[in-house]
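This is what each chain is made of:
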Amino acid sequence: MKVKVHQIADLIKAEVEGNPDEMITHPDKIETAGRGAITFFSNPKYEKYLYSTQAAAVLIDANYQLSKPVPATLLRVENVYLALSELFSFFDQNKPKPAEISNQASIHAGATLGKDAFVGAFTVIEADVSIGDHAQIGSQVYIGAGVHIGDHVRIHPGVKIYHGCQIGDHVVLHANAVIGSDGFGFAQDDKGQYTKIPQIGHVEIGDYVEIGANTVIDRASMGKTILHQGVKLDNLIQIGHNVVIGSNTVIAAQTGISGSTHIGENNQIGGQVGTAGHISIGSNLKIGGGTGIISDIKDGGNYFGTPAMPLKNFMRSYAIFRQLPAMDKDLHQLKKTVAENKKR
Amino acid sequence: MKVKVHQIADLIKAEVEGNPDEMITHPDKIETAGRGAITFFSNPKYEKYLYSTQAAAVLIDANYQLSKPVPATLLRVENVYLALSELFSFFDQNKPKPAEISNQASIHAGATLGKDAFVGAFTVIEADVSIGDHAQIGSQVYIGAGVHIGDHVRIHPGVKIYHGCQIGDHVVLHANAVIGSDGFGFAQDDKGQYTKIPQIGHVEIGDYVEIGANTVIDRASMGKTILHQGVKLDNLIQIGHNVVIGSNTVIAAQTGISGSTHIGENNQIGGQVGTAGHISIGSNLKIGGGTGIISDIKDGGNYFGTPAMPLKNFMRSYAIFRQLPAMDKDLHQLKKTVAENKKR
Amino acid sequence: MKVKVHQIADLIKAEVEGNPDEMITHPDKIETAGRGAITFFSNPKYEKYLYSTQAAAVLIDANYQLSKPVPATLLRVENVYLALSELFSFFDQNKPKPAEISNQASIHAGATLGKDAFVGAFTVIEADVSIGDHAQIGSQVYIGAGVHIGDHVRIHPGVKIYHGCQIGDHVVLHANAVIGSDGFGFAQDDKGQYTKIPQIGHVEIGDYVEIGANTVIDRASMGKTILHQGVKLDNLIQIGHNVVIGSNTVIAAQTGISGSTHIGENNQIGGQVGTAGHISIGSNLKIGGGTGIISDIKDGGNYFGTPAMPLKNFMRSYAIFRQLPAMDKDLHQLKKTVAENKKR
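Conventions used here
Residues numbered from 1 in each chain as written. Chains lettered and ligands numbered in written order. Predicted model: local features only at pLDDT ≥ 70, side-chain atom pairs only at ≥ 80, totals over all residues. Heavy atoms only, no water. Helix = DSSP H or I, 4+ residues; strand = E, 2+ residues; numbered from the N terminus. Rg over C-alpha atoms; globule rule 2.2 N^0.38 Å. Buried < 20%, exposed > 50% of the residue type's maximum accessible area, 1.4 Å probe, protein only. Contact = heavy atoms within 4.5 Å. Least-squares fit on C-alpha atoms with pLDDT ≥ 70 in both. Buried area = accessible area lost by both parts, 1.4 Å probe. Salt bridge = Lys/Arg side-chain N within 4 Å of Asp/Glu carboxyl O. Pairing = 2+ DSSP bridges. Polar contact = N/O pair within 3.5 Å; in protein donor to acceptor, adjacent residues only side chain to side chain. Lys, Arg positive; Asp, Glu negative; His and termini not counted.

Caption draft 1: Up close: the overall build of chain A. Regarding its fold elements, chain A presents 5 helices and 40 strands. Relative to a compact globule of 344 residues, whose C-alpha radius of gyration would be 20 Å, chain A shows 26 Å and is clearly more extended. With the C-alpha coordinates of chain A rotated into their principal frame, the extents come out at 95 × 75 × 30 Å. Per-residue burial for chain A yields a buried fraction of 58% across its 344 residues. A separation of at least 24 residues holds for 17% of the contacts in chain A among residues at least 6 apart in sequence.

Caption draft 2: Quick peek at the relation of the copies chain C and chain A. Structural alignment of chain C on chain A gives an RMSD of 0.1 Å, achieved by rotating through 120° and translating 0.0 Å along the axis. What the superposition gives is, in effect, a three-fold axis relating one chain to the other.

Caption draft 3: Fine view of the interface of chain A and chain B. On the side of chain B, 63 residues touch chain A, which itself brings 72 residues to the contact. Of the roughly 5300 Å² buried where chain A meets chain B, counting both sides, 62% is carbon and sulfur surface. For the pair chain A and chain B, the number of links is 3 salt bridges. Notably, a salt bridge pairs K97 of chain B with E126 of chain A, separated by 2.7 Å at the nearest N-O pair. Within the residue set of the side of chain A that touches chain B, elements represented by two or more residues are strand 21 (178–181), strand 22 (186–188), strand 23 (194–196), strand 26 (216–218), helix 4 (311–322) and helix 5 (324–343) of chain A. Per-element tally for the side of chain A that touches chain B: the top contributor is helix 5 of chain A, with 8 residues.

Caption draft 4: Inspection of the pairing of strand 5 (residues 37–40) of chain A at higher detail. Where strand 4 (residues 26–27) of chain A lies against strand 5 of chain A, 2 bridges are found, and the strand directions are parallel. Bridging across to strand 5 of chain A, H26 of chain A finds its partner in A37 of chain A.

Caption draft 5: Structural view of the interface of chain C and chain A. Each partner contributes to the interface: chain C provides 71 residues, whereas chain A provides 63 residues. Regarding the contact of chain C and chain A, the summed buried area is about 5300 Å², with carbon and sulfur atoms giving 62% of it. Its largest share of buried area at the contact with chain A, chain C owes to F184, Y194 and M222 of chain C, together 13% of the area lost on that side. Where chain C touches chain A, the interface holds 3 salt bridges. Viewed at the interface, chain A and chain C are joined by 32 residue pairs in polar contact (both at pLDDT 80 or more). Counting residues per element, the ones that place at least two in the side of chain C that touches chain A are strand 21 (178–181), strand 22 (186–188), strand 23 (194–196), strand 26 (216–218), helix 4 (311–322) and helix 5 (324–343) of chain C. Residue contributions to the side of chain C that touches chain A peak at 8 residues, all from helix 5 of chain C.

Caption draft 6: View of the side chain of K232 of chain C. All names here are of chain C. With respect to the element layout, K232 can be found in strand 28 (residues 232–233). Look at K232: it is buried, it has no salt bridge, and the nearest opposite charge is E210 at 5.1 Å. Reaching out from K232, the side chain makes a polar contact with the backbone oxygen of Y208 at a distance of 2.8 Å.

Caption draft 7: Structural view of the sheet that holds strand 36 (residues 280–281) of chain C. Within the open sheet, the 9 strands sit side by side as 10-13-16-19-24-27-30-33-36 (chain C). Their pairing is parallel. The open sheet has two free edges, formed respectively by strand 10 (112–113) and strand 36 of chain C, since each of these has just one partner strand.

Caption draft 8: Seen up close, the pairing of strand 24 (residues 202–205) of chain A. Here 2 bridges tie strand 19 (residues 166–167) of chain A to strand 24 of chain A, and the two strands are oriented parallel to one another. Each bridged residue has a counterpart across the sheet, and for I167 of chain A the counterpart in strand 24 of chain A is I205 of chain A.

Shown next as structure tokens:
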């Protein structure tokens, strides 16, 4: 693929500083980009590469102040990552597949498929399923009875959706994710044995949600487990029964949200975070990776540690934790000194 | 579905306080239950809803002392969660499928299927497999050679069972769980390279075990990895090779048990717990979420932290961890004071 | 299977101490081994069993000094685990399947299969895929367009490989692992909404890599996510986009490596470890289970804790953390004493 800098500038609405006729062949990372590459600069950690890059062109923030000349042509944009998203779409080989229903899929006569849908081989679609227009259902997917799937949804191979779940428009589900498995609910009798509590609710997933590979969203015991519009979940995440997650909250890999916990909007939650059940977590929070949340958290702020505390406080305490042996020695020395002083 | 309160009372063996002819249409949570709903009260956190609920009926503990009148009809029961289990079974739409062997499954001629079994589309059953009566094997399941599966087992779509594993009666396996994958065993040579140690054992799963979605149980290097009767595992759990878990131990999501560790009976183990390998963990324990267990633990008690310590002790130490910067300042001030006292 | 001790000694190049004509029927663990069993001794924790075992033969280090006589015949070897690997291969029932392409697989006309390959039922192989000689592709596997798979690769049921990924020779992929799913990359607009950044890179997996069940390796945003030769990953691991892992690094279950982090060679990384993104982790490290790494680590050393610190230092600090309530009491008492001394 060959394209001139000014053509890309038009596409991503950038202002060009340098040669608009420079030829671009592919995107690459700033630390490795060579001739013909277009790259981007955003994380200050990579600043040294900006001034030495062999790339033909660099996406950069409209207001970024250079400290010396950059050899490449610059493309100044309002939001580097949004521009990158458009740029990568342009170069993406992974286009949606043409509409086609595999004759090796098993589709119940009572299911409804939207127009221009794609359904891959060895996929099972049960009774009373409805699938929207332009949906792309990969191979080896299972869609249980009564599931509704919106328009422009993309489901990658091996995803399993249990009966009755509701999936909005423009949702992406990655390979081997499981939606609507039973919540972890058992009743213990007086002999200590557990009886399963049937999980009779379901899962509701809003528009523009993306769910990572091998992530699991449990159905509600009754009512709904809800992911609101624009939620983005990474891989290998666990969402317990009756959890509610507010719009535009993003969660990194391997985090687990216990049953009946409610999470607000616009949160950035790190990887391997765990929460207790039946708690309420606010909005506009940043939760560091590995944090363990055992009680309610109000809106705003950065949290870290287990049990969670404000990040700054945690780091101050941890700095002293590292010095505890010295502190302990100090205290013992001081006790001795005080005892001696007393004797005098 | 429409049913009168006294019919439900008969079903779950409850005593009615209020109108036995009240009409019930569906179960709902106490915080959202409206007209026609039957709900339950158990967690004291939700007490305020008890006295204001619009629900038609509420399941409640036989001995619970009301502090004011409840608008709904009460159903007094010995064990709220056991009653709930029966109630939800009554309302559950997700009944077992009628006996049927899909003609789109691949079943080896040397496999044996019990009576009234269901096998879904695109499932593979290898040689010398035996499957019990009333078993429900979902779509896209893989059952390796020589596997035995008991009666009344329910296997959800996408589960993979490696050769030779033994599954008891009334077991439930959720979607995309993997049973019998190779344990993580390698021998390092003097150049630092690893050679795989073939894992020649298998997995044995007792009756009434339930295993969550995307959970993995590794086969033994030799001998057996064993889950005893009534063990309940949540989603995304890792069980290493040669692990043994005692009866009625329940483990929440994303916990990992390292190889050759033995765990006793009747434990409640939280989510994201990790254990070292080759250790022994007792019975009747409560292990808090995120705990890291690096050495043996005796029977009984509550544990938390990494490395694990008794919960109460951890919380006391952590309360002071939060105050470490103040403590450090105190100590410095005290050193100064003592030095000054000495000079006088 | 019946074999004499001297035949096994020839196979694994062992020196026999005892009866070379002793009959062996199966391998077993030292704590349970009975008549006819061959077992091994390596972990000193199990020493008591060595002197009382009923086994017919025991693999043991060439230089191990016995403290009393052992009832079994000894097989002295240079490296117990390498010898065990050969021994188990000898007893392993799980041989590769004979070459065969299932007529229930869906294989694109534009895909190329090597000689003596096995492809199981309900597997999908897309256009421009090339698969090496003697490859074993299990059932219900998905291989996306343009994927290359080397010789002697073994892919277990349910594995999903997205388009364009490159898999070396002698690689093992366990059930339901996902290779090449999209990295977690989104651009946030000024309303707080996220737009997906297309992930246009891929995954490159070196020779002799083994990847556990339900593990996920994300494709690069651009360029490659790389696992170098001999990397061994356990189950349920998350590898983010653009991560690079050096040769012969082994990682235990449920660990997560965030995007763009580079890890060196010959590391032993425990389970449930988490790392920040965009950091550099050296070689020849031992990282304890549950460690959280938030900044660069140089070559060599043992680490533990979150944030990570040298293991020895962590354990010293944690020993005092356990005593913090007593220390706090001491400090208060001392303050009182000092205040009283001052008054005098």
